[in-house]
Every structure is written in C-alpha cells, then in structure tokens.
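# Structure at a glance
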Amino acid sequence: MRADDTPVAIVGAGLAGCLLATLLGRRGIPVTVYERRPDPRVAGAERGRSINLAISARGLAALEEVGLKDKALGRALPMHGRMVHPLGAPQNFQPYSADGERAINSISRAELNAALLDAAEAVPGVSLRFSHRLTGVDAVAGRLHMEGPEGPVTEDAGIVLAGDGAYSAARRTVEAFTAEQDFLEHGYKELTVPPRDGEFALDPDALHIWPRGTSMMIALPNLDRSFTCTLFWPKDDFDALDTPERVQAHFAEHYPDVADLIPDLAGDFALNPVGSLVTVRCWPWVRYGEGAIVALLGDAAHAIVPFFGQGANCAFEDCVEIDRCLGETGGDWARALSLYQENRKANTDAIAEMALDNFIEMRDRVNSRVYRLTRSAQHALERRLAGRYVSRYELVSFSTVPYAHIPARLRRQNQVLAGAVLAAGALLGLGVRALRRRR
Ligand code: FAD
C-alpha cells in the first residue's frame, strides 16, 4: 500500500493524533481525523484530564518538526528544578541540571491541544470530524464503526492509526492487540492554588513536590499565576476524607503550607474526580488485514504513569518516528509501520519502567539527605566529565537519546566510576605503604 493513494484515518484528535495528522498532511497524504469530543476549541476542555503538562526536549523536538516549538515555549513556564516541601522542615530547591540552566516546561494541555488542532486544520488534505466516537474497528476490512452526532456511522480506510488514548477502543476491539493494563493502587486528584494578591502563591520557577513516603502532592505553575496541584494517593485515602472537617484536618497535618492557599479546599476536594494511573503493555501495535492496516500510537499503544512527565513527550516521538519510517520506505505503509513498531517498542518499555521507578524517587527519596548528596555528586561529575557522565534525569528530560539506551548507558557510567574509585583507593593505599616504608 502506497502512502499517496490509500485513505488514512486517525482516531483521536488528542496530542498525538493532531501532530501525526499534521506530519502526514505535509507529506501530501489526505487524512481524516475522528474525535470523540466536540471541538475543544469551541466547547472548552474536559474536566478530569490533567490541566497542565511538563514538556521537555523530546516533545519540543517533535513540535519543532511542525513549527510549533517557539509558540509552545512562548506559552510555557520554565521549571528549573524541584522545590521539595518536607514535613516540619524548610523547603529546598534541587536544580534539574548541573548548570542550573535547563528547565522542563509547564504548559496548558488545552492550549497545546488547540495549537495542534489549528496546525492540523491548516494543512490541505487534513479534515477533522468531531463528536465521532469509535466503537469498534473491523481490522480485516479497515472499517471504522462510530457513534456520530446523528447516530451510528461507518467509514472505510486502508490505514487506521489509533491515537485514542490509554483506554483505546481500537486496541480493545482488534483481537490481535494483546494488552496488559497494570493499574497503580494510587489515583490522582487535581486542586488549584489561585494567585495570591495577583502573584504566584509559590515559586513559579519550580515543580513543587510534597513527598510523604507512600503518597505525594505536586504542583505546576500556570500562566494565570495559579498552580495546579495533583495529589497522588492510594485510592482508599481519598475515600477516607469524607467530610470537610477531615479534609481540612488532613491538609493541616500533612500539607500545612498549602492548606491555607486553597480557598475552598474541602469543596474542591469533594468535587474533583479521582483519576486512575495505568501502564499499558501491548504487542503487537500493528495489525495487517487483507485490505487494511491498523496501528496504535501514543497512550493507546503504551500508556505510562506520569512520574517522569514523559507520556506526551513519548507519544510525540511515535509520530515523528512514523513519519520518518514513511520517508525511509518511500511511502510503503506496510514496511513503515513494521519498522515503527520495531524501533519504538524497546524505548516505550524502557520509559514505562523509569516512570514507575521515578514515583518512588519523587514521593520518598527526594526527602533523604543521602539522595540530595548523591544528586550534588552527580551534578559535580557532570560538570567535570561533561558529556561522559550524564545523569538519568538529564538523559530522559534534556536529551533525545533513545530511552532504551539509557539504562545500559547508566550501567556503563557507573562501572567506569566504580573502577575509578577502586583505582584511586588502590593508588592511595600504595602511596601510604610507600610512605610507611620510607619512615
Ligand atoms: P490523549 O492525549 O489521551 O488523546 C486521545 C484522544 O482520543 C482524546 O482527544 C480523546 O478524546 C480521543 N478519544 C478517546 N477515545 C476515543 C474514541 N473511542 N473515539 C474517538 N476519539 C477518542 N505527559 C507528559 O509528557 N508530561 C506530563 O507532565 C504529563 N503529566 C500527566 C499527568 C497526569 C495526571 C496524567 C494522567 C498524564 C500525564 N501525562 C504527561 C501523559 C499524557 O497526558 C499522555 O501521555 C498524552 O496525553 C498521550 O497523548 P495521546 O494523544 O496518545 O492520548
């Protein structure tokens, strides 16, 4: 199947779906995007999705491909490090990079999605169909079954690219896609810290963390000078706070420095939903039918927990990779999608594991003195051995090194370091013995 004569359908006009539509449209490939929601630029954003996102090097590199990097950065707030709020001790700032210069960027999900929708819509050949909810895919015939504004709709497409999120209908209804969904016992709930006297109530240059061992709260700044706080708690803990008094008392005890910054804390807590956190491990991502191919991308293929702030960054990388593989294969969809899944799977597996591990780092380790000393030592090494010693955070957030290369690279670095420490120890021992002999 050639890229120029096969009808292409993208399911989901979320972050990945819109970016991919733009990239394909620019190749001259006609694309129709089907989205469950009404146009969010008209109807407003949905409640219950994360309000802001941290976008870093990978996401920015992908946005640059469609000329949106500067626009995104212009509407983002840089966060140069973590501000850790321990219980009963002063807050402390931990820079993300050795030079303190590098930042991840807090950006509104709704604004980013709107900018991507505008970009997709502006490309000739891309059409967006809102209020079309996919209910099933016939992968052999390439037939999409949807619920449209006026009832059931079916559409045919030779290529179906499903970016319909973590609970993807395409993934669930195509038998070949074998998926495992691993839910955390933790859920998340968002709260808002409004501006105080017109100013940010907390330092806007940081991602704030209140690490509390088995749970935590984080806060990211917004352009309107508010902060979006996200509680990551075991789900039962949300249920236990079932009266306004219990909510107030819990925050006064565990988050004393924010309790007074949220005017209607108990009301917001009761109103805002608890979301689930899931890791999706799925394989294959591509199903070859007789006249059609169905492929998954973004969260539909590999949803991850949000503790490295990489889900969207990673979904964007998928889009760039599909586009790159189409270029490499001269527009041969079958080969391009096969290459795409082979190239991406190890990377998405690697970031899924690192994201899970980072939850423990954020909710617990950042509090410890040993952790802070280790991070300072890492930064000192990064300065001394520029390019040869690079921390995991730096590799994930400030580079586009494939995720799958990162664990092995860290192991190599640590071996070299351990060897150097041993050699230094041995040299010191020899020196001491030589001195003793001379005396
Ligand atoms: P989505 O953005 O979920 O888009 C899917 C689209 O498909 C939506 O528009 C949806 O309406 C549509 N859709 C769904 N079902 C259907 C259907 N049946 N028919 C038609 N359309 C459908 N990532 C980061 O990089 N940085 C962060 O800081 C970050 N923070 C996060 C915080 C939280 C609390 C959570 C939950 C996630 C966070 N993520 C973050 C992850 C990020 O949100 C996702 O990885 C990213 O949105 C994935 O993009 P996507 O396009 O694959 O899916």
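Scroll up to find the structure this text is about.
We now turn to the structure provided with this report. (Residues numbered from 1 in each chain as written. Predicted model: local features only at pLDDT ≥ 70, side-chain atom pairs only at ≥ 80, totals over all residues. Heavy atoms only, no water.)

### A few points about the packing of helix α12 (residues 311-328) against helix α13 (residues 333-363)
Relative orientation and spacing of two packed helices are given, respectively, by the angle between their axes and the distance between those axes. Viewed as axis vectors pointing N to C, α12 and α13 meet at an angle of 150 degrees, and their least axial separation amounts to 8 Å. When the interaxial angle is binned, α12 and α13 end up roughly antiparallel. In the packing of α12 onto α13, the handedness of the crossing is right-handed. Contacts between α12 and α13 involve Cys314, Glu317, Asp318, Glu321, Ile322, Arg324, Cys325, Leu326 and Glu328 from the former and Trp333, Ala336, Leu337, Leu339, Tyr340, Asn343, Arg344, Thr348 and Ile351 from the latter. Residues of the contact of α12 with α13, tallied by class, amount to 10 nonpolar, two polar and six charged. (Axes fitted to C-alpha atoms, helices over the stretch in contact; angles between N-to-C directions. Helix = DSSP H or I, 4+ residues; strand = E, 2+ residues; numbered from the N terminus. Parallel < 35°, antiparallel > 145°, perpendicular 65-115°, else oblique. Left-handed = near helix turned anticlockwise from the far one by under 90°. Contact = heavy atoms within 4.5 Å. Nonpolar A, V, L, I, M, F, W, Y, C, P; charged D, E, K, R; others polar.)

### Topic: the environment of Val274
Considering the arrangement of structural elements, one finds Val274 in the loop between α10 (265-271) and β17 (275-283). Owing to a relative accessible area of 37%, Val274 belongs among the partly exposed residues under this scheme. For the pair formed by Val274 and Gly158, sequence separation is 116 residues and the distance between their alpha carbons is 38 Å. Sequence-distant contacts of Val274, defined by excluding residues within four places in its chain, comprise Gly187, Tyr188, Lys189, Lys235 and Phe238. (Buried < 20%, exposed > 50% of the residue type's maximum accessible area, 1.4 Å probe, protein only.)

### A look at the pattern of salt bridges
Within this structure, the stated rule accounts for 26 salt bridges. Its salt-bridge partner being Arg41, residue Asp118 comes within 2.7 Å of it at the nearest N-O pair. Taken as a pair, Asp118 in helix α5 (residues 109-121) and Arg41 in helix α2 (residues 40-43) lie far apart in primary sequence, 77 residues in all. Here Arg324 ties to Glu321 by a salt bridge, and the two come within 3.0 Å at their closest N and O atoms. Of the two residues, Arg324 and Glu321 both sit in helix α12, three residues apart, roughly one turn of that helix. (Salt bridge = Lys/Arg side-chain N within 4 Å of Asp/Glu carboxyl O.)

### A few points about the layout of surface pockets
Within this model, the second largest pocket holds a volume of roughly 350 Å³. If you list the elements that add at least two residues to the lining of the second largest pocket, you get α13, α14 (369-384), α15 (392-397) and α16 (406-438). A per-element tally of the lining of the second largest pocket places α14 first, with four residues. Classifying every residue of the lining of the second largest pocket gives six nonpolar, six polar and five charged. Of the residues that make up the lining of the second largest pocket, three or more belong to each of domain 1 (8-47 + 56-72 + 106-181 + 278-361) and domain 2 (369-438). (1 Å grid on protein atoms, 1.4 Å probe; cavity = no way out; pocket = protein on both sides within 12 Å on 5 of 7 lines; lining within 4 Å. Points joined across faces, edges and corners; volume = space filled by probe spheres on them. Domains from an automatic or database assignment.)

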